[in-house]
Amino acid sequence: RRDPVARKRRGAMTATKVYTLEECKKHNTYDDCWIIMFGKVYDVTKFLDDHPGGGEIIVDVTGRDATEDFEDVVHSATARKQLEGLVIGDLHEDDKKRLRSTGGIAASGASGASSARNGAPSPVVTFIKAILPFVLVALAYLYQKSKASSPQA
């Protein structure tokens, strides 16, 4: 007799599909969107409309390793669990090495230093965007305060 547990274990060890970075780069639209994170490839096309931050954010990180982008934002345990159902395979080992050596960006003919994060804003721009609303509120407050305290003719 065959061992049903061993058979089940063998079935669980089916080969995982391996994708190249070049293949993943082709899936970069709202209608066909794959992302790379944690060395795995995810087909997130059906999830784009449900993403709380909007699907465009995800489409913008296609064609490169989006792990850092994902980790930079606080994602719930539920969001992390949802990822498991979107995995379609692994990134090819050569591409994993290439991405690690270029900081997550695969050099495609251009120098890897030209865009360390594929067009992502610099930390200075991010800081300005974060503080600008507070500066505007402070200026509006000071304007109203000076207007109220100035003598009316």
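Residues numbered from 1 in each chain as written. Predicted model: local features only at pLDDT ≥ 70, side-chain atom pairs only at ≥ 80, totals over all residues. Heavy atoms only, no water.

Caption draft 1: Local environment of the packing of aromatic side chains. In this structure the tally under the stated criterion is two aromatic pairs. Aromatic side chains Tyr-19 and Trp-34 sit 4.9 Å apart centroid to centroid with 70 degrees between the ring planes, which places their arrangement in the edge-to-face category. Of this pair, Tyr-19 sits in strand β1 (residues 18-19) while Trp-34 sits in strand β3 (residues 32-37), and the two are 15 residues apart along the sequence. Residues Tyr-19 and Trp-34 agree in their burial class; the two are buried. Considering the side-chain rings of Phe-38 and Phe-70, the 5.9 Å spacing of their centres and the 85 degrees angle between planes classify their relative orientation as edge-to-face. Placement of Phe-38 in the loop between β3 and β4 (40-43) and of Phe-70 in helix α4 (residues 67-72) is noted, with a sequence separation of 32 residues between them. One Lys or Arg, Lys-17, reaches over the ring of Tyr-19 and ends 5.2 Å from the middle of that ring. (Phe/Tyr/Trp six-rings, centres within 6.5 Å; stacked < 30°, edge-to-face > 60°. Helix = DSSP H or I, 4+ residues; strand = E, 2+ residues; numbered from the N terminus. Buried < 20%, exposed > 50% of the residue type's maximum accessible area, 1.4 Å probe, protein only. Lys NZ or Arg CZ within 6 Å of the ring centre and 35° of its normal.)

Caption draft 2: Summary view of the confidence of the model for the protein chain. For the protein chain, per-residue confidence averages 79 on the pLDDT scale, and residues scoring 70 or more make up 77% of the total. Here residues 1-11 is modelled with pLDDT under 50, and outside its nearest four sequence neighbours on either side it reaches one contact, counting other chains as well. Across residues 106-118, where pLDDT falls below 50, the model places 17 contacts with residues more than four positions away in sequence or in other chains. (pLDDT = per-residue confidence, 0-100. Contact = heavy atoms within 4.5 Å.)

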